[in-house]
Amino acid sequence: MDIATAQWLVSEGGREALRQADAWADPTSVSAAQGMRRQWNAEQSAAALSQTRLRRRAALKFGAGAGSLFYTSDGLEQATRPAVAAWRATRFVQAGVSTIWDLGCGIGADALAFAAAGLRVIGVERDPVTAIFAQANLGQGVEVLTGEVAELVGAGPTGRPGPQPGEGIFCDPARRTDRGRSWRVQDFSPSWEFVTRLLTGNASVCVKVGPGIPRALIPDAAHATWVSESGDLVEASLWAGFPALGAGAAEALLLPGGHMLLGEPGSDPVPAEIGRFLYEPDPAVIRAGALARLADDLDAGAIAPGIAYLSGDRLEDTPFAEAFEVLEVLPTAEKTVRAWVRNHDIGVLEIKKRGIDVDPAELRRRLRPAGTHKATLVLTPTSAGAVALVVRRISRA
Ligand SMILES: C[S@@+](CC[C@H](N)C(=O)[O-])C[C@H]1O[C@@H](n2cnc3c(N)ncnc32)[C@H](O)[C@@H]1O
């Protein structure tokens, strides 16, 4: 989209076009395009219809409130979930930060949460269309600067002053290449070098990275928080310049509850036989190296080295893992499992697995569940070899 069309889209004229585009059940249809073209030119019609499509996708992903913002396709894909953005904003507020620079603010999902938490926000965005949408989303109370972050922070001539002492910095680097989403820090923009410079400087800084970041890359000065929302591992945030957050430490944070567990890098859970209960830890706990601590809390152990299933004989209520009662222990031989499925009249079969090279969807097809009951199978190595556990999910109180 060109800059003029983006400016028009966020103007009153564009908003009227958006109201009309929203009346089409299918904004991608030829009739929608033809209908819109009666009143607006080709670029404007296409922009309003594609914005409508993105808003509907956003409402599905982020809830109804997000359906009235302006998006680019990349901006929507990269936008932080509202609950995660709100948690991050609270952490800055609690540290006494009152002004925050959002370096590479995208369409402004994090910036919106910063502003809602009462922070003064300055966003920087190099893509002019994204910056126009960010400004429209954030309103006139937030300053959005269009340009390269390096011109504002760090080396290079500064047209205007960047973050001042005492001001906070947030950076959520783009992690996309021409081939799609990338997890390699070499593909970050702003660059990984820029980001590590921020993390080793003096300001209160948070950098959002993908949850798969190798531990060895995280600067010693940073505190790492692996965040999951409703069981989805969504990001790792690296924090520096927050005295309450120990440098070098790692923790898991589970939203929406806000439960936190500190990792103990290098310590593994004790080994255990399969007990009455099986625990499937939240992925943030695994990534934060907090399995041994969780196992201690649950009076449980690991059922095989390097396998993140814990087992024990006591049922403990925990937000950090899903609990299952172990009903039967079967060998993994497909013939045996298929017979079990048939004999128990299973029609809906959930298959979980770790450490076993099998495609659950393919296996389910081969096991041919056609009955009337539901079951959950867990395929995993144990100290006594691979097993298929028949388990029952225990709902939390
Ligand atoms: C991952 S997105 C930010 C998403 C944002 N946190 C949100 O939740 O909506 C990163 C943004 O940084 C911008 N960007 C990348 N490199 C930049 C640079 N060197 N200077 C300024 N902006 C940059 C990209 O255009 C992109 O919009």
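Note that the coordinates shown come from a computational prediction; the quantities given were computed from them, not determined experimentally.

Caption draft 1: Region of the structure containing the overall build of the protein. Looking only at helices and strands, one finds 13 helices and 18 strands in the protein. Taking the principal axes of the C-alpha coordinates as reference, the protein spans close to 65 × 55 × 40 Å. The buried share among the 397 residues of the protein stands at 42%. Here the contacts in the protein between residues at least 6 apart in sequence split such that 62% fall between residues at least 24 apart.

Caption draft 2: Local environment of the nonpolar core. In this structure, L238 and L294 are the most contacted members of the largest nonpolar core, which totals 118 residues. Ignoring any residue separated from it by four or fewer positions in sequence, one finds L238 in contact with L199, C206, V207, V209, I218, A222 and A224.

Caption draft 3: Inspection of the site of the ligand at higher detail. Taken together, 22 residues surround the ligand, and among them G104, G106, A109, R126 and D172 come closest. Only α5 (73-78), α7 (109-116) and β2 (120-125) provide two or more residues apiece to the shell around the ligand. Among the residues making up the shell around the ligand, the classes are represented as eight nonpolar, eight polar and six charged.

Caption draft 4: The sheet that holds strand β18 (residues 385-394), seen in detail. Spatially, the seven strands line up as an open sheet ordered β13-β14-β12-β15-β18-β17-β16, and their pairing is mixed. This sheet does not close on itself; its edge strands, each paired only once, are β13 (301-302) and β16 (346-353). In this structure, β13 lies alongside strand β14 (residues 310-312), joined through two bridges in antiparallel fashion. Among the inter-strand pairings, G301 is bridged to a residue of β14, identified as S311. Packed onto the sheet, helix α11 (residues 291-298) meets β12 (277-281), β13, β14 and β15 (321-331) and runs at close to 15 degrees relative to β14. Taken strand by strand, helix α12 (residues 334-343) contacts β15, β16 and β18, and its axis lies near 110 degrees from that of β15.

Caption draft 5: Summary view of the domain arrangement of the protein. Domains assigned within the protein are domain 1 (3-61), domain 2 (76-262) and domain 3 (277-394). Between domain 1 and domain 2, the C-alpha centre-to-centre distance is 31 Å. Taken together, the seven residues of domain 1 in the interface contact six residues of domain 2. For the side of domain 1 that touches domain 2, the secondary structure elements donating two or more residues are α1 (3-9) and α4 (42-62). Grouping the amino acids of the side of domain 1 that touches domain 2 by side-chain chemistry returns five nonpolar, one polar and one charged.

Caption draft 6: Main features of the sheet that holds strand β11 (residues 259-262). Read from one edge to the other, the open sheet built from nine strands follows the order β3-β2-β1-β4-β7-β9-β8-β10-β11, with strand pairing classed as mixed. With one partner strand each, in any of the chains shown, β3 (143-146) and β11 form the two edges of the open sheet. Each strand axis lies, on average, 20 degrees off the axis of its neighbour in the sheet, ignoring direction. Along the sheet, helix α8 (residues 128-138) contacts β2 and β3; its crossing angle with β3, the most-contacted strand, is approximately 175 degrees.

Caption draft 7: Expanded view of the environment of L294. Of note, L294 is situated in helix α11. Sequence separation between L294 and S73 is 221 residues, and the spatial gap between their C-alpha atoms is 39 Å. L294 has contacts with L261, P281, V285, L310, F320 and A321, leaving out every residue within four places of it along the chain.

Parameters at a glance
- Residues numbered from 1 in each chain as written.
- Predicted model: local features only at pLDDT ≥ 70, side-chain atom pairs only at ≥ 80, totals over all residues.
- Helix = DSSP H or I, 4+ residues; strand = E, 2+ residues; numbered from the N terminus.
- Buried ≥ 20, exposed ≤ 12 C-beta atoms within 10 Å, placed from the backbone.
- Contact = placed C-beta atoms within 7 Å.
- Core = buried A, V, L, I, M, F, W, Y, C linked by C-beta atoms within 7 Å.
- Near = placed C-beta within 6 Å.
- Nonpolar A, V, L, I, M, F, W, Y, C, P; charged D, E, K, R; others polar.
- Pairing = 2+ DSSP bridges.
- Axes fitted to C-alpha atoms, helices over the stretch in contact; angles between N-to-C directions.
- Domains from an automatic or database assignment.

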